[in-house]
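Chain and residue survey
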Amino acid sequence: MDSQTAVPNQTAPDASTAGKLKPNSLGVLGILFFVLSAQAPLTGVAGAVPIAVAIGNGAGAPAAYLAAGLITLLFSVGFVAMGRHVVDAGAFYRYIGKGLGRDLGHGSAGIALFAYCAIQAAMYGLYGATVNGLLAHYAGIDVPWWVCALVTMAIVQVLGTLGIEMGAKVLAVFVLAEFSILSAFAVVTFAKGGGPEGLGFADTFSPGAALDGAPGVALMFAVASMIGFEATAIYGEEAREPRRTVPRATYTAVALVTGFFAFASWMLISSYGASKAAGAAGQALEGGDSTAFVFAPIAAQFGTWVNDVLPILLATSLFAGILAFHNSANRYLFSLSREGLLPRGISAVNRRHSPGVAGFVQTSIAVLLVIPFALAGKDPVLTLFSWGSGIAVLAIMLLYFLTSVSVVAFFRRERLDTRPWNTLVAPLLGAVGIAGAIWLIVENFTTLIGGDRTTALWLQAAVPAVLVLGVVTGRARRSAHP
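Residues numbered from 1 in each chain as written. Predicted model: local features only at pLDDT ≥ 70, side-chain atom pairs only at ≥ 80, totals over all residues. Heavy atoms only, no water.

**Concerning the overall build of the protein chain**
Definition in use: Secondary structure elements are defined from DSSP: runs of H or I of at least 4 residues count as helices, runs of E of at least 2 residues count as strands, and each element is numbered from the N terminus. To get the radius of gyration, use the C-alpha atoms; to get the globule rule, take the number of residues to the power 0.38 and multiply by 2.2 Å. Think of it in three bands: with a 1.4 Å probe and only protein chains considered, a residue is buried below 20% of the maximum accessible area for its type, exposed above 50%, and partly exposed in between. Every residue pair with non-hydrogen atoms within 4.5 Å of one another is taken to be in contact.
Counting secondary structure elements, the protein chain contains 20 helices and zero strands. The C-alpha radius of gyration of the protein chain comes to 22 Å, within 12% of the 23 Å expected for a compact globule of 482 residues. Dimensions along the principal axes, computed over C-alpha positions, put the protein chain at roughly 65 × 55 × 45 Å. Counting over 482 residues, the protein chain shows a buried share of 58%. In the protein chain, of all internal contacts separated by at least 6 residues, the share reaching a separation of at least 24 is 82%.

Right, dumping it as structure tokens:
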């Protein structure tokens, strides 16, 4: 059996389609749905906001989202400028390689793939536990979390092979559902003048409120909620007019996500009252269900039926994020194969011009990451989700930093764009902000993963180890296949 028939749904591409993704498949909205799905808005609000309020800076947590959005926006300026001259499904590693050299580019490819696979595996852990709870509540059956995860992997694999347009349509439904209910709650609360203490704008956004308590912890969780917007560049090859579509999608994603998280978290705090929000968030964490801090005021606003709907939307939010990161990771595998850093067969495309082989490989990686936690009987939320998401955040922030530096180096050398703000000032400011965020993540990593210091050190060490492994592997591959 040859390599093309060894993988389901694959056909041998002809010379005109080999190694090519389907062009002109996505517009701004299509790319935007992939980005917003990766950021899983409901998961981010229900998971991160209670922690940021309880152990971060209390009522000032929404200000941390604005700060994280500003850092992300500064990074985006150079990121978009580079994207006008480098269009590739490999995004990060191509950008870094162009500016800082092929070795560091190959090392960053390893980090990107590691990060996307880790965050997807993490989401499988939380998703499996969530669906397990839903099945027990509504059907009265106890299905192991890992069974839910494995079944979903098969579904995601099928959707991935059906083409990028199908994925965008599926994600559009899920993203609009979770955005709608959270946005409706926030708008209604705002229109009513807030909660028992009013809107409390100064209690949330004043400098004193923003710097109260542990603002670094709040900023760390805010930054973690932002990752995923960089996927705009990953779909450049499949976008219509990528040099216009990708920048628009990037800036729209950053503005929309920043505004959404800041506004939604502000209204959640207002619904409790600024003076009582931190206590309510702390009680939710002590009770073992942080989502109660978010779900309770929404149910109070719209009725108890929300308590049945929101857990389902949380599951679909996670599913959407899983599918989005599946598409991101398999396009990295596809690009690395096309570059010659992985076996060439991985860059084969199917009839729909989707990276079907890369998708199959990515699904296999997800299985290998999830199964050990199942066999060891580990809690999927406290270990797989916490560890995977923590390490992914650290890895992606390192990629942001390297990309910002690479943008400066690339345009100082090539002079393809001489705008100082776009190619020097904004990237440098972004790099400084990202470096500060990385420092906060490292300093508070035990809080981010919810684990002990030893576990945190091992997980942190994995990121530079993967970078070195990527450099060594890239050099070896080039030596064997110059």
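And the narrative resumes.
**Some details on the side chain of Ser 337**
Let me state the cut-off plainly: We call two N or O atoms a polar contact when they sit within 3.5 Å, provided that within protein one can donate a hydrogen and the other can accept it, with sequence-adjacent residues counted only if both atoms are side-chain atoms.
You can see Ser 337 is positioned in helix α15 (residues 306–339). The class for Ser 337 is buried, based on a relative accessible area of 0%. Among the polar contacts listed, one links the side chain of Ser 337 to the backbone oxygen of Pro 343, at a separation of 2.7 Å. Setting aside residues up to four positions removed in sequence, Ser 337 forms contacts with Leu 342, Pro 343, Arg 344, Gly 345, Ile 346 and Ser 347.

**Details of helix α12 (residues 242–272)**
Using the following cut-off: Residue count minus one, scaled by 1.5 Å, sets the expected span of a helix.
End to end, α12 covers 44 Å across 31 residues, agreeing with the expected 45 Å (1.5 Å per residue, within 8%). With its phi angle positive at about 100°, Gly 273 sits one or two positions after the end of α12.

**Considering empty space enclosed by the protein**
Which entries qualify depends on this criterion: Cavities and pockets were defined on a 1 Å grid built from protein atoms only: a cavity is a group of points that admits a 1.4 Å probe but offers it no way out, a pocket is an open group of points flanked by protein on both sides within 12 Å along at least five of seven lines, and a lining residue is one with an atom within 4 Å of any such point. Grid points are joined across faces, edges and corners, and a volume is the space filled by probe spheres set on the points. In this count, Pro and Cys sit with the nonpolar residues alongside Ala, Val, Leu, Ile, Met, Phe, Trp and Tyr, while Asp, Glu, Lys and Arg are called charged and the others, Gly among them, polar.
As enumerated under the stated definition, the model contains three cavities of 30 Å³ or more in all. Taken together, Ala 68, Ile 71, Thr 72, Val 223, Met 226, Met 397, Tyr 400 and Ile 434 make up the lining of the second largest cavity. Taken together, the elements giving at least two residues each to the lining of the second largest cavity come down to α3 (61–83), α10 (215–226) and α17 (380–414). Counted by class, the lining of the second largest cavity contains seven nonpolar, one polar and no charged residues.

**What about the nonpolar core?**
Selection rule: In plain words, nonpolar cores are sets of buried Ala, Val, Leu, Ile, Met, Phe, Trp, Tyr and Cys residues tied together by side-chain atoms within 4.5 Å.
Counting residues in each nonpolar core, the largest one holds 150 residues, and the members touching the most others are Tyr 332, Met 397 and Tyr 400. For Met 397, the residues in contact, after removing those within four places along its chain, are Val 223, Ile 434, Ala 437, Ile 438 and Ile 441.

**Here we look at the packing of α3 against helix α4 (residues 92–100)**
The geometry of a pair of packed helices is captured by two quantities: the angle between their axes and the separation between those axes. As a reminder, the rule being used: Axes here mean lines fitted to C-alpha atoms, for a helix over just the part in contact, with angles spanning 0 to 180 degrees between N-to-C directions. An angle counts as roughly parallel when it lies under 35 degrees, as roughly antiparallel when it exceeds 145, as roughly perpendicular when it falls between 65 and 115, and as oblique in every other case.
In contact at an axis separation of 11 Å, α3 and α4 are set at 80° when each is read in the N-to-C sense. In this view, α3 runs roughly perpendicular relative to α4, as classed from their interaxial angle. Between α3, through Phe 75, Phe 79, Met 82 and Gly 83, and α4, the contact on the second element is made entirely by Phe 92, Tyr 95 and Lys 98. Class assignment of the residues belonging to the contact of α3 with α4 gives a composition of five nonpolar, one polar and one charged.

**Structural notes on the pattern of salt bridges**
We count it as follows: Should a side-chain nitrogen of Lys or Arg be within 4 Å of a carboxyl oxygen of Asp or Glu, the pair is scored as a salt bridge.
Applying the stated criterion across every chain, the model contains three salt bridges. Note that Glu 197 is salt-bridged to Lys 276, the shortest N-O span being 3.6 Å. Here Lys 276 lies in helix α13 (residues 274–286) and Glu 197 lies in the loop between α7 (164–191) and α8 (201–205), a separation of 79 residues in the sequence. With a relative accessible area of 33%, Glu 197 lands in the partly exposed category.

**Considerations on the layout of surface pockets**
A volume near 1,300 Å³ is recorded for the largest pocket. Lining the largest pocket are 45 residues; nearest its centre among them are Gly 47, Leu 126, Ser 290, Val 381 and Phe 385. At the level of secondary structure, the elements contributing two or more residues to the lining of the largest pocket comprise α1 (28–39), α2 (41–57), α5 (102–138), α10, α14 (291–302), α15, α17 and α19 (445–449). The greatest single-element share of the lining of the largest pocket, amounting to nine residues, is contributed by α5. For the second largest pocket, the calculated volume is near 280 Å³.

**Digging into the packing of aromatic side chains**
Rules: By convention, a stacked pair of Phe, Tyr or Trp rings (six-membered ring in the case of Trp) has centres within 6.5 Å and planes under 30 degrees apart, an edge-to-face pair has planes over 60 apart, and any other such pair is tilted.
One pass over the structure, following the stated rule, counts 18 aromatic pairs. When the centroid spacing of 4.4 Å and the interplanar angle of 50° are considered together, the rings of Phe 179 and Phe 260 count as tilted. Note that Phe 179 is positioned in helix α7 and Phe 260 in helix α12, a separation of 81 residues in sequence. Here Phe 260 falls in the buried class, since its relative accessible area comes to 9%. A ring pair is formed by Phe 201 and Trp 266, whose centres lie 5.7 Å apart and whose planes are at 75°; its orientation type is edge-to-face. Placement of Phe 201 in helix α8 and of Trp 266 in helix α12 is noted, with a sequence separation of 65 residues between them. Relative accessible area serves as the criterion here: at 53%, Phe 201 is assigned to the exposed category. Chaining the aromatic ring pairs together yields one cluster made of Phe 190, Phe 201, Phe 205, Phe 263 and Trp 266.

**Here we look at a nonpolar patch on the surface**
Applied cut-off: Patch membership is restricted to residues that have no salt bridge and whose relative accessible area is over 30%. Joining uses 9 Å for like charges and 5 Å for the nonpolar side chains Val, Leu, Ile, Met, Phe, Trp and Tyr. Note that accessible areas follow from Shrake-Rupley with a 1.4 Å probe, and for residues the cover is restricted to the protein chains shown.
There is a patch of nonpolar side chains on the surface, built from Trp 421, Val 425 and Leu 429 and spanning about 270 Å² of accessible area. Within the secondary structure, Leu 429 sits in helix α18 (residues 420–443).

**A few points about the side chain of Asn 444**
Structurally, the position occupied by Asn 444 is in the loop between α18 and α19. The exposure class of Asn 444 is buried, given its relative accessible area of 18%. Once residues lying within four places of it in the same chain are set aside, the contact partners of Asn 444 are Val 217 and Met 220.

**Side note on the environment of Ala 202**
Checked against the element boundaries, Ala 202 lands in helix α8. By relative accessible area, which is 51% here, Ala 202 ends up exposed. It is 35 Å that separates the C-alpha atoms of Ala 202 and Ala 395, two residues lying 193 residues apart in sequence.

**A few points about the environment of Ser 290**
Relative to the elements of secondary structure, Ser 290 occurs in the loop between α13 and α14. Along the primary structure Ser 290 and Ala 280 are separated by 10 residues, whereas in three dimensions their C-alpha atoms are 9.9 Å apart. In this structure, Ser 290 is in contact with Ala 46, Gly 47, Pro 50, Ala 284 and Leu 285, ignoring residues within four places of it in sequence. A polar atom in the side chain of Ser 290 sits 3.4 Å from the backbone oxygen of Ala 46.

Nothing here speaks to function; it is all geometry.
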